[in-house]
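The lines below spell out each chain.
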Amino acid sequence: MRCIRCETDNALQDYIENQGRCENCQHPFAFDPASMGKVKFTDSFFLKSITDLSDNNTLFFTTKQLFYMLDRKIKNKEPLDTAILFLLLAFFSSGLFFLESPIWSAIAVINCWASGFIASGGGFDDPSNDIPPKERKILLIISMFCGLLTIAEAILILVLYSHVLAFVGFSIFVILGMYLVCLNFYLLSTLKYIPQDFKIALTQFQGWINAWVKVNGSIEKMLPFSSTENQPTHLSSKITAYSFDRAIVCDSAEIAQFLIANNFHLENNCAVLSIDGYPQNIFSTIMEMLHRNPNLKVYALHDASPQGISLANQLRTNNHWFANSSATIYDLGLSPRQVFKSRSLFIRNSPDSKQEAARLPQIVKQELSPDELEWLEKGNFVELESLMPRQLLQVLTRGITLSQAIDVEDALIVVESDDSSIFATDSFD
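Since this is a predicted model, take the numbers as computed values, not measurements.

Overview of the overall build of the chain
Each helix and strand in the chain was counted, giving 20 helices and eight strands. Buried positions account for 49% of the 429 residues belonging to the chain. A sequence separation of at least 24 residues applies to 72% of the contacts in the chain between residues at least 6 apart. Carbon and sulfur atoms provide 56% of the accessible area of the chain, an area that totals close to 21800 Å².

Structural data, given as structure tokens:
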């Protein structure tokens, strides 16, 4: 194991003899892969995850963003033994042709097709969420290869054997091979709709955080849980005399805290709030300042969830926010249609989200396509915290830039067509 302090590579025996410390600098290791159970990694792996997430320690990130990051990296380390097995079976089946027998040739084709069919999951519509997306994609590609190999072997049977049964077998095997190819084309196209499960448990993750902090101190760029301060902070009259041209309203305090910690409000001269009143100590004062600007632009930033997609409508219709005001509202949050266009978003599913979707106001449902509404009603959702910090900041900056275009309706989608239109982005890349 490599020491994160002095870069010394410690052999297992050295690690044991030094009681879990580096043989060179005596710095203790936080993690021992030999005793970690199914999920194993080293201190270097954990440190690189933090470094990548914080963009070389330049950006703050939330605890959940680190959770998503570790889960994603651990899944990418998954061994592909199953995929290799099916690939070997396919090549083994082809080898049976060397026995130069019609029966063995037929068995070769059947074995090859069966290997591909099992690799695809047996034509499942709702595959196991325990299979990591990367491995599932590889399995489907191997299954498609088995389908093509089945067709090639069927042609070989027709060439080698002139018996009428050879033509019958050829026809059957070509149909089976085409079925396997088409099946996997379909399954590959639906990968982006399939919800995923976490590979790691939250309690397990918290244990890793505690072990790391005990040895290396607090994680500098990881934000604590959002503060719940209720004591108002006094702002000078010189500050409150001004207003803001823009305001970003998030559907969670964690995202609002993330933006503020990374100075997004300063770099873009905007207020940052959450729908549940973060930051509590200056929330009411900021709202008074915002209501004084008749040309205010409001940006809704939210998850692709029932609660999230309702945010823009809530800002437009709630008297505590911007109902009956001249503020222009832009929806820069995640939407199901954006999830459909992306192949990298982490889709989750929960009964609570399914219940929330059933309670969506009719006015919000009307803004969704049938596919979007169906996706939400199945309980699917995507959290903003599943995105990398740099990506999230770039997308939001791009959305604000588009809202300043000369013809905003050419740059953004008009969700509403009345006097209180909501503008939205068409992608989240």
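Topic: the state of the cysteines
In total, this model carries zero disulfides according to the counting rule given. With no disulfide of its own, Cys6 lies closest to Cys22 among cysteine sulfurs, the gap being 3.5 Å. When its relative accessible area of 26% is taken as the criterion, Cys6 is described as partly exposed. Overall, Cys22 belongs to the buried group, its relative accessible area being 0%.

Quick look at the environment of Leu70
Checked against the element boundaries, Leu70 lands in helix α3 (residues 63-76). Given a relative accessible area of 0%, Leu70 falls into the buried group. Each C-alpha atom, one on Leu70 and one on Ser49, is 6.7 Å from the other, the two residues being 21 residues apart in sequence. Once residues within four sequence positions are removed from consideration, Leu70 is found in contact with Phe45, Phe46, Ser49, Ile200, Phe205 and Trp208.

Things to note about the nonpolar core
Ranked by size, the top nonpolar core spans 38 residues in total, and within it Ile248 and Leu259 carry the most contacts. If you list the elements that add at least two residues to this core, you get β1 (246-250), α10 (253-261), β2 (270-274), β3 (297-301), α15 (336-341), α18 (370-377) and α19 (389-403). No other element matches the five residues that α10 contributes to this core. The residues contacting Ile248, other than those within four sequence positions of it, are Leu259, Phe264, Cys270, Ala271, Val272, Leu273, Tyr299, Leu301, Leu396 and Ile400. Counting 23 residues, the second largest nonpolar core, distinct from the first, contains Met36, Phe46, Leu53 and Ile219.

Looking at a nonpolar patch on the surface
A contiguous nonpolar patch, built from Ile155, Leu156, Val159 and Leu160 and spanning about 360 Å² of accessible area, is present on the exposed surface. Along the chain, the position of Ile155 falls in helix α6 (residues 133-160). Judged by relative accessible area, which is 43%, Ile155 ranks as partly exposed.

Things to note about the environment of Val298
By the element assignment, Val298 lies in strand β3. Between the C-alpha atoms of Val298 and Thr328, which are 30 residues apart in sequence, the distance is 6.0 Å. Beyond its immediate sequence surroundings of up to four residues, Val298 is in contact with Ala247, Val249, Leu315, Phe322, Ala327, Thr328, Ile329 and Tyr330.

Quick notes on the packing of aromatic side chains
Counting across every chain of the model gives 18 aromatic pairs. By way of ring pairs, the aromatic residues Phe31, Phe41, Phe45, Phe46, Trp208 and Trp212 are connected into one cluster. Here the basic side chain of Lys73 rests over the ring of Phe45, its NZ or CZ set 5.2 Å away from the ring centre. Positioned over the ring face of Phe60 is Lys221, at 4.3 Å from the centre of the ring.

Considering the packing of α10 against α19
For the pair α10 and α19, the least separation of the axes is 12 Å and the interaxial angle reads 85°. When the axes of α10 and α19 are compared, the pair comes out roughly perpendicular. Seen from α10, the contacting residues are Ile255, Phe258 and Leu259; seen from α19, they are Pro389, Leu392, Leu393 and Leu396.

Section: the pattern of salt bridges
Two side chains with opposite charge may pair up if their charged atoms get near one another. A full pass over the atoms with the stated rule returns eight salt bridges. Between Lys73 and Asp52 there is a salt bridge whose closest N-O contact spans 3.6 Å. One end of the pair, Lys73, is in helix α3; the other, Asp52, is in helix α2 (residues 43-53), and 21 residues separate them in sequence. A salt bridge links Lys378 to Glu374; the nearest nitrogen and oxygen atoms lie 3.7 Å apart. Because the salt bridges share partners, they merge into one network encompassing Lys48, Asp52 and Lys73.

Considering the confidence of the model for the chain
On average, residues of the chain carry a pLDDT of 81, and 80% of them reach 70 or more. Considering only residues more than four positions removed or in separate chains, one finds that residues 408-423, a stretch of pLDDT under 50, has 40 contacts.

Describing the environment of Glu374
Residue position: Glu374 is located in helix α18. In this structure Glu374 comes out as partly exposed when scored by relative accessible area, which is 41%. For the pair Glu374 and Ala357, spaced 17 residues apart in sequence, the C-alpha separation works out to 9.3 Å.

Considerations on unusual backbone geometry
Omega for the peptide link from Tyr278 to Pro279 comes to -5°, which places this bond in the cis form. Along the chain, Pro279 turns up in the loop between β2 and α12 (283-291). In this structure, Asn269 is a non-glycine residue whose phi angle is positive, near 45°. Tracing the sequence through the fold places Asn269 in the loop between α11 (264-267) and β2.

The rules behind these values
Residues numbered from 1 in each chain as written. Predicted model: local features only at pLDDT ≥ 70, side-chain atom pairs only at ≥ 80, totals over all residues. Heavy atoms only, no water. Helix = DSSP H or I, 4+ residues; strand = E, 2+ residues; numbered from the N terminus. Buried < 20%, exposed > 50% of the residue type's maximum accessible area, 1.4 Å probe, protein only. Contact = heavy atoms within 4.5 Å. Areas by Shrake-Rupley, 256 points an atom, 1.4 Å probe, with all protein chains shown as cover. Disulfide = S-S within 2.5 Å. Core = buried A, V, L, I, M, F, W, Y, C linked by side-chain atoms within 4.5 Å. Patch = residues over 30% accessible without salt bridge, like charges linked within 9 Å, V, L, I, M, F, W, Y side chains within 5 Å. Salt bridge = Lys/Arg side-chain N within 4 Å of Asp/Glu carboxyl O. Phe/Tyr/Trp six-rings, centres within 6.5 Å; stacked < 30°, edge-to-face > 60°. Lys NZ or Arg CZ within 6 Å of the ring centre and 35° of its normal. Axes fitted to C-alpha atoms, helices over the stretch in contact; angles between N-to-C directions. Parallel < 35°, antiparallel > 145°, perpendicular 65-115°, else oblique. pLDDT = per-residue confidence, 0-100.

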